[in-house]
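Structure assessment
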Amino acid sequence: MNPRNIDRRRFLKRLGPGLLGGAMALSMGRYAAAETGHDRLNFIFFLIDDFGWTDLACYGSPFYETPHMDRLAGEGMKFTDAYSACTVCSPTRAAILTGKYPARLGITDWIPGHNRPFAQLRIPAIHNQLAHEETTIAEVLKSKEYACAHVGKWHLGGDPFFPDTQGFDINVGGNSLGHPPSYFSPYKMPILKEGPEGEYLTDRLGDEAVRFIEENRNRPFFLYFAHYAVHNPLQAKKELIEYYQRKADPHARHNNPIYAAMIHSVDETVGRILATLDKLGLADRTVIFFTGDNGGLLPNTSNAPLRAGKGSAYEGGVRVPLLVRWPGVTPPGSVCAEPVTSVDYFPTIAQMAAIPVPNESVDGVSLVPLLQDPRATLGREAIYWHYPHYHPGGATPYGAVRKGDYKLIEFFEDGKLELYNLKEDVGESNDLSQQLPEAASALKQDLAAWRAQVNAQMPWPNPDYDPTRAGLRMR
Ligand SMILES: [Ca+2]
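Throughout, residues of each chain are indexed from 1 in the direction in which the sequence is written. Only residues with pLDDT of 70 or above have their local features reported here, since the model is predicted, and side-chain atom pairs are shown and tallied only from 80 upward, although totals for entire chains, interfaces and linings are computed over all residues.

Counting its secondary structure elements, the chain contains 13 helices and 15 strands. In this setup the radius of gyration rests on C-alpha atoms only. A globule is expected at 2.2 Å times the number of residues raised to 0.38. Radius of gyration (C-alpha) of the chain: 21 Å, near the 23 Å computed for a compact globule of 475 residues. For the chain, the C-alpha atoms occupy an extent of roughly 65 × 60 × 45 Å along the three principal directions. For every residue, the other C-beta atoms within 10 Å of its own C-beta are counted; 20 or more classify it as buried, 12 or fewer as exposed, and values in between as partly exposed. C-beta atoms are placed from the backbone. The buried share among the 475 residues of the chain stands at 52%. It is the C-beta atoms, placed from the backbone, that decide contacts: two residues are in contact if theirs lie within 7 Å. Of the contacts formed within the chain by residues at least 6 apart in sequence, a portion of 67% connects residues at least 24 apart. A run of H or I in DSSP becomes a helix once it reaches four residues, and a run of E becomes a strand once it reaches two; helices and strands are each numbered from the N terminus.

What follows deals with the pairing of strand 6 (residues 221-226). With respect to burial, strand 6 is a largely interior element, 6 of its 6 residues being buried. A two-sided burial pattern is seen for strand 6, the buried positions comprising Phe-221, Leu-223 and Phe-225 on one face and Phe-222, Tyr-224 and Ala-226 on the other.

Here we come to the pairing of strand 13 (residues 406-411). Of the pairings in the sheet, the one linking strand 12 (residues 398-403) to strand 13 comprises 6 bridges and is antiparallel in character. Across the sheet, the residue bridging to Val-401 is Leu-408, located in strand 13. Taking the residues that link successive antiparallel strands as the turn, the strand 12-strand 13 hairpin has 2 residues, and the phi of Gly-404 there is positive, at about 60 degrees. Pairing geometry for strand 13 and strand 14 (residues 417-421), over 5 bridges, is antiparallel. Within strand 14, the position partnered with Glu-410 by the bridge is Leu-417. The turn linking strand 13 back onto strand 14 is made up of 5 residues, and Gly-415 within it adopts a positive phi angle of 75 degrees. Here, a strand pair is defined by DSSP locating no fewer than two bridges between the strands.

Generally speaking, nonpolar side chains in soluble globular proteins are found buried as a group. In this usage, the nonpolar core is the set of buried Ala, Val, Leu, Ile, Met, Phe, Trp, Tyr and Cys residues whose C-beta atoms join them within 7 Å. Among the nonpolar cores identified, the biggest contains 135 residues, and Phe-46, Phe-222, Leu-223 and Phe-225 are the most heavily contacted of them. For this core, the element with the highest residue contribution is helix 9 (residues 257-280), accounting for 9 residues. Apart from the residues lying within four places of it in its own chain, the contact partners of Phe-46 are Phe-225, Val-270, Phe-289 and Phe-290.

Turning to the environment of Gly-271, a few remarks are in order. One can find Gly-271 in helix 9. In sequence terms Gly-271 and Arg-71 are 200 residues apart; their C-alpha atoms lie 8.8 Å from each other.

So, on to the confidence of the model for the chain. Within the chain, residue pLDDT values average 92, and 91% of them lie at 70 or more. Confidence scores labelled pLDDT are given residue by residue by the predictor and lie between 0 and 100. Here residues 1-36 scores under 50 on pLDDT; set against residues more than four positions off or in separate chains, the count is 48 contacts.

This is the structure:
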């Protein structure tokens, strides 16, 4: 049988029972079609770059001020165990848009990645763009007359692989770059029209996002709002930096005033969008997702109590905040501890929109049951990572699996295994692989079976390996 048919059947099976059942009944019953002439859900997806797990007040930061993000948590659901599909940018973005694991897509490092020619392992080549053949959630929504906007960072290929070739009607600022040359105009970025000199990029993207909502208030829309912030370079508005300088304690876990000011500006855009939805009467039928593409970058922030940060195999590299507000469905102020990951958004949004999906395989599962009841479980066996690359953040080529409370990391250079019980040891300080060798071995087998299933590319021994030059980086 054609494997695509199997994938399609699997997808439809997952989508099936809830499609016209509980989720839609719940959502459709709570609001009237009203004066706007349609009663379909809108979707806003905030993706904050390099945004750490504790970079919000509602996730425990005593320093960063995030009242609007906290409002989302208070009115919606907060996930404690949400993950990015990768420890760096591009793979996670590809996973969000397609519902497929980065390993399946062949986009396992940031585009265009980098190489260490004398390292112990040779790393596989990655695709330098998201292939046009892949179906994005924007294309799925566009097929049902949604207006789709991409605002912010794309990082999934240059021309001709821009967002307007992947289902987005509008593309503001999305190009091949992983970060802006400058957060202040002139930005000198492809695709983005310059603003007045000194305009701040985060504010500008907020303006563009608000305008898109206002212009599309009378039709269903999907706004994918992928902030460039809070990625390097650290640049923020002077008055905000000064504000945070006054309250910074150099010995505290979070203490960088520029980084705090960048978060502050992002939070203001969240506030402006919430206010716009309220003003236009759209809040009740607009679902908001808010998450990050990988862990916080050290030392810009600290992800403590998690270990390490962006570019590492540990939780600090991949555990991210996730807030979802689905009015009338997500219980206000609810907290969900089920592990979820980037590939889940595609099937979630498809189910919420009651849209039949195209003939594609999807690795994620719909989060709708959790959004209805945070104590529900997805019944999923495990979630996986595959990063056959080196990273300045500390990662050497590795794979990882989380199953229940346990996480196994397999380091490909020497085959070393590390096993952690995240429920008891969220900081991954107590490696249980020697104490629980059978559990470690079983998870290692799960990981290998998954790699085979997604055709994961493995690194291989490097004939030019030279320990004295192993850390040398080249494109
Ligand atoms: Ca990133």
